[in-house]
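Single-letter residue listing:
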Amino acid sequence: MIRIIILLVVLLVAVVASAQLIEQQGYILISVGDWVVESTVFAFVLMTVFAVVIVGVSLKALRGGLNLSANTWHKFFWGSKRKAERQFNQGLAAFALDDYSQAEKLLVDSAHGHDFSGTAYLLAASAAEKKQAQQLSSEQTASAAGNKHYLDKLEPLLTDNNKDQLAAHLAKIKLLVNQGAFADARKAIDNNHKLIGHDSRLLTLEIDLCLQEKRFAKVVEYLALAGKQKAVSSEQLARWRYQGYLGLFEQLYLEGGNEKLVQYWQNLARKQKQDEEILLAYCRVLAAHKVTQGLDKLLLPLLKKDASEGFLKSLRSIPVSEPDNLLAAVQKHLQKNTDSSKWLACYGHLALSGKQWQMAEKALVRLLQQPSADFDQADIAALAKAQAAQGNYQAAHQTLLALVK
């Protein structure tokens, strides 16, 4: 209403001024370069007023039109983005429900329409990999090719090797390792090598990749750094320690025979020689190459202590031909705890390794007869072997039947 009143006042002023100007029209000359406009004052004022009115009305109409069609404009410009985000969320839900085929399709379709393109391609590659495990061998090749295709799509999005994009790099490296594309995984890790000491996830991938590449000396080198990472569990560290030293000892033996292997062992620190995983790896390499003399002396220090159950079970695979000193050490543990499952099993297997059949049978029977005994199929098979070695084939047969029940 106020605007209408103002508009009428302006028109009234214009009419009054026009009446005054009719008698004294005046003269206006506007010159811009070669362009010249001539007009009376009356005509100029009249045109200016009408121009202001027309512009005001036009702006009002235009603004009203924009307000009325805001939703239409929003749908026109942002509809594709909202669709991509919807597909991305549906793809995540399908991934969580193990519908990897649907997840792969939705995530790829959504990759170009939102700000999470890198994540979409990573998840699509992961979905393709998981789908591959569910498919028949005839379909696996195509799925693996799709996996690589998504990683290639991802590559231009990971241009900056910094901490902000490290998670995406880690996911890519893990997928490459799972594919067996070790050369590509090595290239990706080396591009982020400076971050290995600062991120336990990257260090974990580096060590696992070194194991695949048979770079065992490098694995051993990384063990000290891995031990400082709170995110690395003691179980994982023990696994790396065993696998790393086992591979390294084997390489040393193949390169320089027993002499080079023994020399390396002697140069190790005392703490390393008493480590269960390192000692077990060393003894296994010696046993694999028929170097069994002196194994009992290597193992004795650990058996005098309270060795772990895992180490005692691993000890079964090491052929100790003269286990008397080891048996004496185990006997001391049994004197303190006569019903100890792990020491009874250890005693039985060591006696079996030394072909002391009666001692092996006695220990293993005692183990299996305990109400809460912790034994496995290897213990049952060892008992049957001890019984058969003494000619008691019927008892051995009955023992072996327990394996198939």
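So, a few notes on the structure that sits alongside this text. Predicted, not measured: the structure shown is a model, and the values here were computed from it. Every chain's residues receive numbers from 1 upward, in the order its sequence appears when written. In keeping with the model being predicted, local features are shown solely for residues with a pLDDT of at least 70 and side-chain atom pairs are shown and tallied solely at 80 or more, while totals for entire chains, interfaces and linings include all residues. Excluded from the side-chain calculations are hydrogens and water; all other atoms, namely the structure's heavy atoms, are used.

Focus: helix α9 (residues 200–212)
In a regular helix each residue adds 1.5 Å, so 13 residues correspond to 18 Å; α9 covers 18 Å between its end C-alpha atoms and thus fits that length. Burial classes follow relative accessibility: with a 1.4 Å probe on protein chains only, a residue under 20% of its type's maximum area counts as buried, one over 50% as exposed, and anything between as partly exposed. Only DSSP runs of H or I reaching four residues or more are called helices, and only runs of E reaching two or more are called strands; each is numbered from the N terminus. Summarising burial for α9: 10 of the 13 residues are buried, a large majority. Residues of α9 that are buried: Ser-200, Leu-202, Leu-203, Thr-204, Leu-205, Glu-206, Ile-207, Leu-209, Cys-210 and Leu-211. Remark: Lys-214 follows α9 within two positions and exhibits a positive phi of approximately 65°. By this rule the span expected of a helix is its residue count minus one, scaled by 1.5 Å.

Things to note about the nonpolar core
In this text, buried Ala, Val, Leu, Ile, Met, Phe, Trp, Tyr and Cys residues form a nonpolar core when linked through side-chain atoms within 4.5 Å. Membership of the largest hydrophobic core comes to 62 residues, with the highest contact counts inside it found for Phe-249 and Leu-303. In terms of residue count, helix α11 (residues 234–266) provides more of this core than any other element does, 10 residues in total. In this analysis, two residues are considered to be in contact whenever any of their non-hydrogen atoms come within 4.5 Å of each other. Non-local contacts of Phe-249, meaning those with residues more than four positions away in its chain, are made with Leu-261, Tyr-264, Trp-265, Leu-268, Ile-278, Ala-281, Tyr-282 and Val-285. Formed by 11 residues, the second largest nonpolar core is a distinct cluster that contains Ile-173, Ala-181, Ala-188 and Leu-202.

Some remarks on the environment of Ala-360
Among the structural elements, Ala-360 can be located in helix α18 (residues 357–369). On the basis of relative accessible area, Ala-360 is assigned to the buried category, the value being 0%. In the structure, Ala-360 is positioned 13 residues away from Tyr-347 in sequence and 7.0 Å away in space, judged by C-alpha atoms. With residues near it in sequence (within four places) discarded, Ala-360 still touches Gly-348, Ala-351, Leu-352 and Ala-386.

Let's talk about the pattern of salt bridges
Side-chain pairing between opposite charges can occur once the charged atoms of the two side chains come close. In what follows, salt bridge is the name for a side-chain nitrogen of Lys or Arg lying within 4 Å of a carboxyl oxygen of Asp or Glu. In total, this model carries 14 salt bridges according to the counting rule given. Measuring nitrogen to oxygen at the nearest pair gives 3.1 Å for the salt bridge that ties Glu-277 to Arg-241. With Glu-277 in helix α13 (residues 276–288) and Arg-241 in helix α11, the pair connects residues that are 36 residues apart, well separated along the chain. Notably, a salt bridge pairs Lys-260 with Glu-255, separated by 3.0 Å at the nearest N-O pair. Here the salt bridges do not stand alone but share partners, grouping Arg-186, Asp-190, Glu-206, Glu-213 and Arg-215 into one network.

Considerations on empty space enclosed by the protein
Each cavity reported here is a set of points on a 1 Å grid over the protein atoms alone in which a 1.4 Å probe fits but cannot get out, each pocket an open set with protein on both sides within 12 Å along at least five of seven lines, and each lining residue one with an atom within 4 Å of a point. Grid points are joined across faces, edges and corners, and a volume is the space filled by probe spheres set on the points. As enumerated under the stated definition, the model contains 1 cavity of 30 Å³ or more in all. Around the largest cavity, the lining residues are Glu-309, Leu-312, Lys-313, Arg-316, Ser-341, Lys-342, Ala-345, Cys-346, His-349, Asp-374 and Asp-379. For the lining of the largest cavity, the secondary-structure elements that each account for two or more residues are α15 (309–314) and α17 (341–353). Of the residues contributing to the lining of the largest cavity, the split by class is 3 nonpolar, 2 polar and 6 charged. In this classification, the charged set is Asp, Glu, Lys and Arg, the nonpolar set is Ala, Val, Leu, Ile, Met, Phe, Trp, Tyr, Cys and Pro, and all remaining amino acids, among them Gly, are polar.

Looking at unusual backbone geometry
Negative phi is the rule for most residues except glycine; trans is the rule for most peptide bonds. Positive phi, close to 65°, is recorded for Lys-290, a residue that is not glycine. Mapped onto the fold, Lys-290 is located in the loop between α13 and α14 (295–304). Taking relative accessible area as the criterion, Lys-290 reaches 71% and is therefore assigned exposed. The backbone of Lys-355 sits at a positive phi, close to 60°, despite the residue not being glycine.

Focus: α11
Here α11 spans only 26 Å end to end across 33 residues, well under the 48 Å set by a 1.5 Å rise per residue. Across the chain, bend at a residue is computed as the angle between axes fitted to the seven residues ending at that point and the seven starting from it. Considering bend angle alone, the principal kink of α11 is centred on Gly-256 and spans about 130°.

A short note on the packing of aromatic side chains
Aromatic rings from Phe, Tyr and Trp, taking only the six-membered ring of Trp, are treated as a pair when their centres fall within 6.5 Å; an angle between ring planes under 30 degrees marks them as stacked, one over 60 as edge-to-face, and anything in between as tilted. The full count for this structure, using the stated rule, is 5 aromatic pairs. For the ring pair Phe-249 and Tyr-264, a centre distance of 6.1 Å and an interplane angle of 75° mean the geometry is edge-to-face. By relative accessible area, which is 0% here, Phe-249 ends up buried. Between the aromatic rings of Phe-249 and Tyr-282, the centroid separation amounts to 5.4 Å while the plane-to-plane angle is 70°, which identifies the pairing as edge-to-face. Pair noted here: Phe-249 is in helix α11 and Tyr-282 is in helix α13, with a separation of 33 residues, a long-range link. Among the aromatic residues, those joined into a ring-pair cluster are Tyr-245, Phe-249, Tyr-264, Trp-265 and Tyr-282.

Section: the side chain of Asp-379
Here Asp-379 shows up in helix α19 (residues 377–389). Residues adjacent in sequence count toward polar contacts only when both atoms are side-chain atoms; beyond that, a polar contact is any pair of N or O atoms within 3.5 Å, and within protein one must be able to donate a hydrogen and the other to accept it. Polar contacts involving the side chain of Asp-379 include one to the main-chain amide nitrogen of Asp-376, which spans 3.0 Å.

Observations regarding the side chain of Glu-276
Relative to the assigned elements, Glu-276 resides in helix α13. In this structure Glu-276 is buried but unpaired, with Lys-342 as the nearest side chain of opposite charge at 7.6 Å. Engagement of the side chain of Glu-276 in a polar contact is seen with the side chain of Ser-308, the distance being 2.7 Å. Setting aside its immediate chain neighbours within four residues, Glu-276 contacts Leu-302, Ala-307, Ser-308 and Phe-311. Residues counted as positive are Lys and Arg, residues counted as negative are Asp and Glu, and His and the chain ends are not counted.

Here we look at the packing of α17 against α18
Helix axes use the C-alpha atoms of the stretch in contact, all axes being lines fitted to C-alpha atoms, and the angles between their N-to-C directions lie in the range 0 to 180 degrees. With their axes 8 Å apart at the nearest point, α17 and α18 run at an angle of 155° to one another. With respect to α18, the element α17 is oriented roughly antiparallel. Crossing geometry of α17 relative to α18 is assigned as left-handed. Contact with α17, carried on its side by Ser-341, Leu-344, Ala-345, Tyr-347, Gly-348, Ala-351 and Leu-352, involves Trp-357, Met-359, Ala-360, Ala-363, Leu-364, Arg-366 and Leu-367 of α18 and no other residues of that element. Residues belonging to the contact of α17 with α18 are distributed by class as follows: 11 nonpolar, 2 polar and 1 charged. Between 65 and 115 degrees an angle is taken as roughly perpendicular, under 35 as roughly parallel, over 145 as roughly antiparallel, and anywhere else as oblique. Should the near helix be turned anticlockwise from the far one by less than a right angle, the crossing is left-handed, and should it be turned clockwise, the crossing is right-handed.

Section: the environment of Leu-344
Summarising the element assignment, Leu-344 is placed in helix α17. In this structure Leu-344 comes out as buried when scored by relative accessible area, which is 1%. For Leu-344 and Val-330, which are 14 residues apart along the polypeptide, the C-alpha to C-alpha distance reads 8.4 Å. With residues near it in sequence (within four places) discarded, Leu-344 still touches Leu-334, Thr-338, Asp-339, Ala-363, Arg-366, Leu-367 and Gln-370.

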